[in-house]
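Structure at a glance
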Amino acid sequence: MPAQNSAAVQERGGRMVGKSVGFERTRRITGYLVGTLERFNNAKRAEEKDRVKHGA
Amino acid sequence: MPATIIKRDGTPVAFDATKILNAITKANKAVEGEPMTPTDLLFVTEKVCAKLDARALSHVEEIQDVVEETLIQYDYAKTAKAYILYRAEHAKLRNAESWLMDVYKKLTYAPAASEDLKRENANIDGDTAMGTMLKYGSEGAKFFIDNYVLPKDISAAHQNGDIHIHDKDFYMLTETCCQIDLIPLFKNGFSTGHGHLREPNSIESYSALACIAIQANQNEMHGGQSSPNFDYAMAQGVAKTYAKEYKKAFAAYMQIRGELTDGETASLTKAILDALPMRPRMAEAKAFGCALAALDYARLIPEETPPCGRAAQGQADQDANWEPDDFPKPRRAQMPPAAIRELAIAAHAYAASHAQKSTNRRTYQAMEAFIHNLNTMNSRAGAQVPFSSVNYGTDTSAEGRMAIRNLLLATEAGLGNGETSIFPVQIFKVKSGVNYNPEDPNYDLFKLAMRVSAKRLFPNFSFIDAPFNLAYYHPGDYNTEVAYMGCRTRVLGNVYDPARQVTCGRGNLSFTSLNLPRLGIEAKGDIARFYELLDAMIDLVFRQLLHRFKIQCAKKVRNYPFLMGEGIWLDSGALDRDDRIENVLRHGTLTIGFIGLAETLKALSGRHHGESEEAQKLGLEIIGHIRRRADQKSEETGLNFSVIATPAEGLSGRFVAVDRRRYGVLPGVTDRDYYTNSFHVPVYYPIKAFRKIQIEAPYHALTNAGHITYVELDGDVCGNPEAFETIIRYMHDQGVGYGSVNHPLDRDPICGYVGVIHDVCPRCGRREGEAVSVEKLKELKKIYPDVPDWE
Ligand SMILES: [Zn+2]
């Protein structure tokens, strides 16, 4: 959210949370789940990026 | 003679002619047919020294050149050759040593985010002190194994990427994994090596001890740990909890409604419950009530039962020491038998209902704690949590069902603020007649499992009805139900002991994978050539697996105080501390794996098995061939050689990187940063879910050491329970052994939303990194109770 908006909310007495907090993306590699893509090794990051969905 | 020599690193040290003498002696001893007497040895050494003086040489490499030259000059050709080899070998080691030091530098100074080496395994945090310590040990061990343990050709095959020896750092130490039967382990308690634990007596302690057992075993092995019969094991804890809850509630009711003292309550409750032919059990509440009603209460009250003590005491005494417990109550002995019967029947109704409810609540909490513990408990010096798996779904007892249902519900709810739990890997065992069909006793749990999986990625689904699993199945015997370990390992058949084709107490000893695409590239389209290369590589892997097996066999029970000392591994209970584990290890599997069938087929035929029927036929032939070779080797050795569809986390990038350097970028083969997992249809290839399952299913039958098929669904299909069930049922019907559905699972830690998040969170509307007002979150909390508190 732009700083201006945030300041406006502050004026109305609102506190802001979540700045620079990312989303968590849980994925499965080899069979184990991994809580965050950051821990994937390079090859697995590439593989995850390439995954296409299978229509039912 | 030079006074000093210059070492490789530039430092000067005093010259010592005996070093030259020793080196020549060693080289000469290594060859036959060229004996040198001590005089000969001294003569050559003196000649070397003289030359060094004459030419004013003092660098160690120069000295070695002169030694070679002098040996050749005086016709010691063989000794010269041995000396050259010895020099080369040492040079290689020195290079390798500096290579190892480079690795250590990377581990020490590079953050995991920029250093792939630190992210080899996604569930180990390479940035922590213990994670790094583990890597130092691991890299040092690999160096040692490569240079001092492995036969040269095998070491070379690993290093150049022909094969991959998994967990090579543990080569000298232990085995991969084990399927732990908690039931016999819990009986009479066990020792972790750091203290004895009594037999657990409530579902809470069953759950806690299950975690401890998994952790203790993980610390003695290099792979994961599984509970193949988690529901059956937890059911016993549920039953104990129920019985206690029942007794407590029964007594409480008797005491309050009968206005009894503590002592009267205890003796009367005991008299009644002991007189019954059965113990309180969840599924038998009704029968228990009938038995209770049928008791002869007149005979039940023994005459010698003392009257309560208060009547004998003086009133003044009571007033002075008044306690709530001592409040005058009617004496039990004064109560007519009919009234006691009536009281007991009412107490039963209350106790049965209360015990059911409170056991259910406690079971939920215990399963929740189990998941929390397995996601937070440290193992291996804190570098990781244990790699754990639990299999369940087939126990149809009321207690087993309660354990399954609550484990699923706790999984669905998630950790703390609704986070998805990473461990344990959960596997729901599907079996027709048990839970697959609507009329089956655990069908409701199968439905629940699918609902949870659609939300949390777990449980996965294993299929006992797949013919290769069904072959071992005996109804009612959990030991014959297939279980899968962690990512996919399967251990069930047993060539060594065909009477023990069981799940519990067994695991994989070690496994090594083939770089299948490289063989495909090297064959240059010649299928016969491909099989020649494949056979040679299989031979090498078998030799390597046996080399490692021999090392493992030399270990003793004392090396595995928990795994073997507590009798978890099959038959190890009969061994003494100093016995070798060779014979019991034979129950385990020696496994050959493979990676990149798709790329192999591309290299051989131009198309992969998702693209062409011909390629599929060839793919099945290739994997079938590997399987036949493993079966033959089993026959020949009496050991469980088996084939796994390798999980290949670290490997998917390693092989392709080496091959791209070697062969360049080959379209469909080396043009991506990974080789496709085992027999999977490539992840980038668009294909319908059903078709993918159809293509991959036959490989499950061939890969007896483990396999898995994934289907990737988008959020919408996944949110549709019918669609999800259709896919799981299709896997079952096609003969898949083990499968799961992948779907994007994102979470916004700020508003607690779990599901698919593209750029903007659908719940709170923020983008990644943006702030949102607490006020807005408070508003959202009115609609979604799982929004975290931010005040
Ligand atoms: Zn949000």
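Everything quoted here is computed from the prediction, not taken from an experiment.

1. Side note on the overall build of chain B
Each helix and strand counted, chain B has 27 helices and 20 strands in total. The C-alpha extent of chain B, read off along each of the three principal axes, is 120 × 65 × 65 Å. Counting only residues that meet the buried cut, chain B has 57% of its 791 residues in that class. A sequence separation of at least 24 residues applies to 70% of the contacts in chain B between residues at least 6 apart. Carbon and sulfur atoms form 54% of the exposed surface of chain B, whose accessible area is close to 32,900 Å².

2. Details of helix H6 (residues 152–159) of chain B
Residue and element names in this part refer to chain B. Looking at H6, one finds that the buried residues are Ile154, Ser155, Ala157 and His158. All buried residues of H6 lie within an arc of 160 degrees about the axis, which places them on one face of the element. Close packing links the buried residues of H6 with helix H5 (129–149), strand S3 (163–165), helix H19 (527–553) and helix H23 (651–663). One or two steps after H6, the chain reaches Gly161, where phi turns positive at roughly 85 degrees.

3. Overview of the interface of chain B and chain A
Taken residue by residue, the interface counts 75 residues in chain B and 41 residues in chain A. Carbon and sulfur atoms supply 55% of the area that chain B and chain A bury against each other, a total of about 5,000 Å² over both sides. Applying the counting criterion to the chain B and chain A interface returns 6 salt bridges. A salt bridge links Arg25 of chain A to Asp746 of chain B, with the shortest nitrogen-to-oxygen separation between them at 2.9 Å. One can count 24 residue pairs in polar contact (both at pLDDT 80 or more) joining chain B with chain A. Residue assignment for the side of chain B that touches chain A shows that the elements contributing at least two residues are H23, helix H24 (689–702), strand S16 (709–712), strand S17 (738–742), strand S18 (745–747), strand S20 (772–773) and helix H27 (774–783) of chain B. Two strands pair when backbone bridges link them, and strand S2 (residues 24–29) of chain A and S18 of chain B are joined in this way by 3 bridges, in the antiparallel orientation. Within S18 of chain B, the residue paired with Thr26 of chain A across the bridge is Leu745 of chain B.

4. Focus: the packing of helix H22 (residues 613–637) of chain B against H24 of chain B
Residues and elements named next belong to chain B. Relative to each other, H22 and H24 sit at 20 degrees, their axes nearing to 9 Å. With respect to H24, the element H22 is oriented roughly parallel. Considering how the two elements wind past one another, H22 and H24 form a crossing that is right-handed. Where H22 abuts H24, its residues Glu613, Gln616, Gly619, Leu620, Ile623, Gly624 and Arg627 lie against Arg691, Ile695, Pro698, Tyr699, Ala701 and Leu702. Classifying every residue of the contact of H22 with H24 by side-chain character gives 7 nonpolar, 3 polar and 3 charged.

5. Considerations on the sheet that holds strand S15 (residues 640–645) of chain B
Residue and element names in this part refer to chain B. The strand order across the open sheet built from 4 strands is S3-S13-S14-S15, with neighbouring strands paired in mixed fashion. The sheet is open, and its two borders are formed by S3 and S15, each paired with just one other strand. Here the average twist between neighbouring strands, direction ignored, is 25 degrees.

6. What to know about the coordination of the zinc ion
Residue and element names in this part refer to chain B. The protein atoms that coordinate the zinc ion are Asp748 (OD), Cys751 (SG), Cys761 (SG) and Cys764 (SG), at distances spanning 2.1 to 2.3 Å. Around the zinc ion, the 4 donor atoms are arranged such that angles at the metal cover 99 to 117 degrees; this shape is classified as tetrahedral. In the primary structure, the donors to the zinc ion are separated according to the pattern D-x2-C-x9-C-x2-C. Here Cys764 lies in the loop between strand S19 (754–755) and S20 and Cys751 lies in the loop between S18 and S19, a separation of 13 residues in the sequence. We classify Cys751 as buried; its relative accessible area is 0%.

7. Details of the pattern of salt bridges
Side chains that differ in sign of charge can pair as their charged atoms come close. Applying the stated criterion across every chain yields a total of 51 salt bridges over all chains. Residue Glu69 of chain B is joined to Arg55 of chain B by a salt bridge in which the shortest nitrogen-to-oxygen separation is 2.7 Å. Of this pair, Glu69 of chain B sits in helix H3 (residues 60–73) while Arg55 of chain B is found in helix H2 (residues 38–55), placing the two residues 14 residues apart along the sequence. The exposure class assigned to Arg55 of chain B is partly exposed, which follows from its relative accessible area of 39%. Where Arg529 of chain B meets Glu532 of chain B, a salt bridge forms, and the shortest distance between an N and an O atom there is 3.0 Å. Here Arg529 of chain B pairs with Glu532 of chain B, and both are found in helix H19, just 3 residues apart, close to one helical turn. Because the salt bridges share partners, they merge into one network encompassing Arg25, Arg27 and Glu48 of chain A together with Asp746 and Glu768 of chain B.

8. With respect to the domain arrangement of chain B
Its domain assignment divides chain B into domain 1 (4–92), domain 2 (94–148), domain 3 (150–176 + 500–707), domain 4 (236–309 + 329–354) and domain 5 (747–783). A separation of 24 Å is found between the C-alpha centroids of domain 2 of chain B and domain 3 of chain B.

9. Overview of the sheet that holds strand S3 (residues 32–34) of chain A
With antiparallel pairing, the 4 strands of this open sheet are ordered in space as S3(A)-S2(A)-S18(B)-S19(B). In this open sheet, the two edge strands, each paired with only one partner strand, are S3 of chain A together with S19 of chain B.

10. Observations regarding the packing of aromatic side chains
Two descriptors summarise a pair of aromatic rings, namely the distance from one centre to the other and the angle between the planes of the rings. Residues and elements named next belong to chain B. Tallied over the full model, the rule gives 25 aromatic pairs over all chains. Measuring from ring centre to ring centre gives 6.4 Å for Tyr242 and Tyr246, while their planes differ by 35 degrees; the resulting arrangement is tilted. Here Tyr242 pairs with Tyr246, and both are found in helix H9 (residues 230–258), just 4 residues apart, close to one helical turn. Three or more aromatic residues link up through ring pairs in this structure, and these residues are Tyr392, Phe428, Tyr436, Tyr443, Phe446 and Phe461.

11. Here's the deal with the environment of Arg543 of chain B
Residue and element names in this part refer to chain B. Note on placement: Arg543 falls in helix H19. On the basis of relative accessibility, which here comes to 40%, the residue Arg543 falls in the partly exposed class. C-alpha of Arg543 to C-alpha of Pro151: the two residues are 392 residues apart in sequence and 9.8 Å apart in space. Among all residues touching Arg543, those that are not within four sequence positions of it are Asp153 and Ile154. One polar contact links Arg543 to Asp153, side chain to side chain, over a distance of 2.5 Å.

Calculation criteria
- Residues numbered from 1 in each chain as written.
- Chains lettered and ligands numbered in written order.
- Predicted model: local features only at pLDDT ≥ 70, side-chain atom pairs only at ≥ 80, totals over all residues.
- Heavy atoms only, no water.
- Helix = DSSP H or I, 4+ residues; strand = E, 2+ residues; numbered from the N terminus.
- Buried < 20%, exposed > 50% of the residue type's maximum accessible area, 1.4 Å probe, protein only.
- Contact = heavy atoms within 4.5 Å.
- Areas by Shrake-Rupley, 256 points an atom, 1.4 Å probe, with all protein chains shown as cover.
- Arc of directions from axis to C-beta.
- Buried area = accessible area lost by both parts, 1.4 Å probe.
- Salt bridge = Lys/Arg side-chain N within 4 Å of Asp/Glu carboxyl O.
- Polar contact = N/O pair within 3.5 Å; in protein donor to acceptor, adjacent residues only side chain to side chain.
- Pairing = 2+ DSSP bridges.
- Axes fitted to C-alpha atoms, helices over the stretch in contact; angles between N-to-C directions.
- Parallel < 35°, antiparallel > 145°, perpendicular 65-115°, else oblique.
- Left-handed = near helix turned anticlockwise from the far one by under 90°.
- Nonpolar A, V, L, I, M, F, W, Y, C, P; charged D, E, K, R; others polar.
- Donors = N, O, S within 2.8 Å, 3.2 Å for Na, K, Ca; no water.
- Tetrahedral: all angles 85-135°; square planar, octahedral: opposite > 155°, others 65-115°.
- Domains from an automatic or database assignment.
- Phe/Tyr/Trp six-rings, centres within 6.5 Å; stacked < 30°, edge-to-face > 60°.

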